[in-house]
Structure formats: C-alpha cells, structure tokens
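# Architecture at a glance
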Amino acid sequence: MECTEKAKLNTAGAVDTTPRHRNPLILEIKGNSLDDGPGIRSVVFFKGCPLSCRWCHNPESKSTGPGISHDAAECIDCGACVKACPERAISKKNRYFIDRDKCTLCYSCVATCPSGALSQVGNAMTVDDIIEVVSKDIPFYNTSGGGVTLSGGEPTMHMEFTAQLARSLKELNVHLLIETCGLFVYEKYMDLLAPFIDMIYFDIKLFDPVEHKKHCGADNTIILENFGRLHKDYQTGGTYILPRTPLIPGITDTRDNLTAIADYLSSLGVTKAALLEYNPLWGVKCEKIGEENPLGPEAQGRKWMDRDHVEQCRSIFRERGIEV
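Residues numbered from 1 in each chain as written. Predicted model: local features only at pLDDT ≥ 70, side-chain atom pairs only at ≥ 80, totals over all residues. Heavy atoms only, no water.

## Topic: the environment of Thr-259
Residue placement: Thr-259 occurs in helix α9 (residues 255-268). Along the primary structure Thr-259 and Pro-86 are separated by 173 residues, whereas in three dimensions their C-alpha atoms are 55 Å apart. If near-sequence neighbours (up to four positions away) are discounted, Thr-259 is found in contact with Ile-316 and Arg-320. (Helix = DSSP H or I, 4+ residues; strand = E, 2+ residues; numbered from the N terminus. Contact = heavy atoms within 4.5 Å.)

Rendered as structure tokens:
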C-alpha cells in the first residue's frame, strides 16, 4: 500500500507535500555517473514526486509507495514466478504480465526469478545505509571533482530525511548537488536542506501555468517563485543554481514556450541554462510497471531529436545572452 500523504499550506501559500512516513523509498543508487553534475558522481534516486509529468523519464519514481517491475526482455519464460505467486496474479495472458489489482507486493515472484526480469521498485534505506554505499566512492569524487547528486522523483518531498542525509555527507566533505522540480516550501528548504547543498539543478519545464498543470499535474506558480528566490540568493553569494528545460516534442520544445522561459530567465539576469534533449527510450519503463504511456502509443516510436531542431531551441536562449 502506498504511504499516506497529507498536504498543508504555509503562510506563503505553498503546498507542503512531504510524505508523513519515516523514511522514503530509494529507487536506486547509481554510481560512476558523468551526467548528473560535475565529476564522477553517485546519484541517489528518491521515490515520490509532487508532479506527474506525462513524459517522466522515471515513471516508476512518481509514487511514494513500493511497486514491482517486469522486464519482458529479460524473462526466460521458466514459469517459476507463476508457481510462486500466492495470489495467482501472474500470467502471460495479462497485458502487463502481472495483474496489479491482485498483486499484494509479497515479492515471492522476485525471490524465485532466476533471470532478474522481476524486481522490487523502491527499497527502504536508512541514512546510514546510503552513506555506506556512496562513501565507497569518495576517492573518485575527490579525484574528479565529483560528489553525490540527490535526485528522483523529488528529494525535497522528504525534506527532513534528505537534510539528515545531506548533513552526514557534508561531514564527510562530499560535494552535494540536488536535482529538483522546484515544487516545495521555500522556507522549509532554506532552513533544513539549503545549508548543505553546493549546487542546484532546477527544472523549468513549461512557462504557462495552464499548460504546466495540463502536462505536469500542477501549475508552476510556486516553482517560478522558488526559482526566482533561489537565483536572487545565488546572485548575493548563495548556492549556484542552473535552470534546466527538458525538450519534449510538441510540448516543451515549442518556440512559444522556450521564448517565454528564455525571456523570464533573461529578466532575472540568468546567463546560463541547460536544455535536455528528449530520450525516446523511457516509454518502455511504463510497460515494466504495468502502466500506459501517458503520451499515447505513438510516443513509444518517437525518434531522437533532430539536430537542427535542437540547435534552433538553443538559439532562442543564446539570442537573449544565455549560454546553453
């Protein structure tokens, strides 16, 4: 069962989406990453996000609760999982192999799967558990100028836990970067987590609040306010913040959207931003967790972005003096 969540409003009107359970679930700790910040990094992926972006490249991270994944490409059709399931929830006749209405997440099938085609999605870990994993790579961080990246999902959904982890990592002198969707209570972030963060990657996906709510499940009022406040803090000697926009065909990569974002960043004095090229391979993850692709079946076959189009997207920012 998914952990119960409550939401409350602070005086600024921001929604506190912090789950009311003790420890968040961790999707994965990925070592030797070169794509999530400077140097060689370990990335801690938290489970749970206050947004529900239709193109989410980690759809298994949206829910705070545990899940189960079936990778058809790894399945050897041995039938061990079918025999092991006490609820008879597994059958090749099921569209996504597992009937998740029957599945109780006992993980008997995972324990008996010899090929690794079945796996648990989300594992409970303590701060000490995570430290034990990532601290093994401290020599690589020190040599390369790397560190640990907190990602997800959304690490700020678990503010107290994430702050405890960040504090422990800073005691080991580890560089910390946080990747965030920006939907969090600003005061709580500044009080608990900001003192330990060295760098922020902040996503600005859509500028229009109606379009943002349509495609991401919530409007972006708080997100833009948080970015503006964090960037102002950076300008006065605070934490470095890099705005990032994922290029999603027909949604975020339109000239109107990118122009609006670039104009907004320029008005704040932002001189550097990142555009994240669309990766069409994420759709397979939806099938693994038994869900339809939110963008529809045609999204499964999308190609990598045309280089000329990517360059056109970049030029919109460069024309406004923003390095991409």
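## Some words on the nonpolar core
Trp-55, Val-148, Tyr-189, Phe-202, Leu-265 and Phe-317 are the most contacted members of the largest nonpolar core, which has 66 residues in total. Of all the elements, helix α5 (residues 159-171) adds the most residues to this core, at six residues. Each residue touching Phe-317, except ones within four places of it in the same chain, is listed here: Leu-258, Ile-261, Ala-262, Leu-265, Ala-273, Leu-275, Ile-322 and Val-324. Counting residues in each nonpolar core, the second largest holds 12 residues, with Ile-90, Ile-98, Cys-109 and Ala-117 among its members. (Core = buried A, V, L, I, M, F, W, Y, C linked by side-chain atoms within 4.5 Å. Buried < 20%, exposed > 50% of the residue type's maximum accessible area, 1.4 Å probe, protein only.)

## Focus: the packing of helix α3 (residues 127-134) against α5
Where α3 meets α5, the closest approach of the two axes is 10 Å, and the angle between their N-to-C directions is 40 degrees. As far as their axial angle goes, α5 and α3 are oblique. The crossing of α3 and α5 is right-handed. Of the residues in α5, those in contact with Val-127, Ile-130, Ile-131 and Val-134 of α3 are Phe-161, Gln-164, Leu-165, Ser-168 and Leu-169. Broken down by class, the residue content of the contact of α3 with α5 amounts to seven nonpolar, two polar and no charged. (Axes fitted to C-alpha atoms, helices over the stretch in contact; angles between N-to-C directions. Parallel < 35°, antiparallel > 145°, perpendicular 65-115°, else oblique. Left-handed = near helix turned anticlockwise from the far one by under 90°. Nonpolar A, V, L, I, M, F, W, Y, C, P; charged D, E, K, R; others polar.)

## Quick look at α3
The periodicity of an α-helix, 3.6 residues per turn, causes residues three or four positions apart to be oriented the same way. The complete set of buried residues in α3 reads Val-127, Ile-130, Ile-131 and Val-134. One face of α3 carries all of its buried residues, which in axial projection span an arc of 100 degrees. The outward face of α3, more than 90 degrees from its buried face, is lined by the exposed residues Asp-128 and Glu-132. Buried residues in α3 make contact with β3 (25-33), β4 (41-46), α4 (138-144), β8 (147-151) and α5. (Arc of directions from axis to C-beta.)

All quantities given are derived from atomic positions and should not be read as evidence of function.
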